[in-house]
Amino acid sequence: MAEKTIHLKIITPEKIVFEDDVDAVYAQGKDGSFGVLPNHIPFMSSLAVDTAKAEKNGEVFNFSIIGGTFQFKNNEAIILSEAAECGNDIDTTRAQLAKERAEAMLSNAETKRDIKLANAAIARAMARLKAASKR
Ligand code: ATP
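From a predicted model like this one, the values you see are computed outputs, not experimental measurements. (Residues numbered from 1 in each chain as written. Predicted model: local features only at pLDDT ≥ 70, side-chain atom pairs only at ≥ 80, totals over all residues. Heavy atoms only, no water.)

Quick look at the site of the ligand
Argument step 1. Neighbouring residues of the ligand: Glu14, Glu85, Asp89, Ile90, Asp91, Arg94, Ala95, Ala98, Arg101, Arg124 and Arg128.
Argument step 2. Between the ligand and Glu14 there is a distance of 2.8 Å, counted from an oxygen atom to a side-chain nitrogen or oxygen.
Argument step 3. Arg128 places a polar side-chain atom, nitrogen or oxygen, 2.9 Å from an oxygen atom of the ligand.
Argument step 4. Taken together, the elements giving at least two residues each to the shell around the ligand come down to helix 1 (92–107) and helix 2 (112–133).
Argument step 5. The greatest single-element share of the shell around the ligand, amounting to four residues, is contributed by helix 1.
Argument step 6. Considered class by class, the residues forming the shell around the ligand number three nonpolar, no polar and eight charged. (Near = heavy atom within 4 Å. Polar contact = N/O pair within 3.5 Å; in protein donor to acceptor, adjacent residues only side chain to side chain. Helix = DSSP H or I, 4+ residues; strand = E, 2+ residues; numbered from the N terminus. Nonpolar A, V, L, I, M, F, W, Y, C, P; charged D, E, K, R; others polar.)

Side note on the environment of Arg124
Argument step 1. With respect to the secondary-structure elements, Arg124 resides in helix 2.
Argument step 2. Residue class for Arg124 comes out partly exposed when judged on its relative accessible area of 33%.
Argument step 3. It is 12 Å that separates the C-alpha atoms of Arg124 and Leu97, two residues lying 27 residues apart in sequence.
Argument step 4. Excluding its chain neighbours within four sequence positions, the residues that come into contact with Arg124 are Val49 and Ile66. (Buried < 20%, exposed > 50% of the residue type's maximum accessible area, 1.4 Å probe, protein only. Contact = heavy atoms within 4.5 Å.)

Quick look at the pairing of strand 6 (residues 59–73)
Argument step 1. Where strand 5 (residues 43–56) meets strand 6, 13 bridges bridge the pair, whose relative direction is antiparallel. Within the sheet, the bridge partner assigned to Ser45 lies in strand 6 and is Phe70.
Argument step 2. In this antiparallel pair of consecutive strands, strand 5 and strand 6, the connection spans two residues, and Asn57 shows a positive phi of 50°.
Argument step 3. Relative to strand 8 (residues 84–86), strand 6 runs antiparallel, the two sharing three bridges. (Pairing = 2+ DSSP bridges.)

Overview of the packing of helix 1 against helix 2
Argument step 1. The N-to-C vectors of helix 1 and helix 2 enclose an angle of 155°; their axes lie 8 Å apart at closest approach. Judged by the inter-axis angle, helix 1 sits roughly antiparallel to helix 2. Of the two elements, helix 1 crosses helix 2, and the hand of that crossing is left-handed. Seen from helix 1, the contacting residues are Thr92, Ala95, Gln96, Ala98, Lys99, Ala102, Glu103, Met105 and Leu106; seen from helix 2, they are Asp114, Ile115, Leu117, Ala118, Asn119, Ala121, Ile122, Ala125, Met126, Arg128, Leu129 and Ala132.
Argument step 2. Residue composition of the contact of helix 1 with helix 2, by class: 14 nonpolar, three polar and four charged. (Axes fitted to C-alpha atoms, helices over the stretch in contact; angles between N-to-C directions. Parallel < 35°, antiparallel > 145°, perpendicular 65-115°, else oblique. Left-handed = near helix turned anticlockwise from the far one by under 90°.)

Here is the structure:
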């Protein structure tokens, strides 16, 4: 029988960030953005360091997602990520400071590794600021 909702779980090594039945899930894959509605075929994607969104009865939930994977099967969506936060739980001052620190690190970078680490920290901070700006 056709289902009307998706059971969404957003999981990090630390905790379950979100678990609920929702109407739709949208996320940013490494190859572009995508959305799933109930009864979508099984699907998997690598996630970018960016945001994701779930809709339930007209309510929208925004999340920052620090990479990871998205799996969809039998109307269960699982986002497994190194870190993820609900938009409402994001400390924007912390994210802004992290971004400024990383930008300073980038301008003083001496090795490719420094550049990579700084860019990754900037991407994490930007994902958090983007998710928080939608709350
Ligand atoms: P910071 O330099 O501020 O620690 P970071 O990008 O190095 O940022 P992470 O290593 O990605 O932080 O995350 C460490 C933990 O802190 C995770 O549990 C993550 O959810 C949480 N976290 C990081 N930044 C924020 C934020 N701005 N608001 C809320 N939680 C955050």
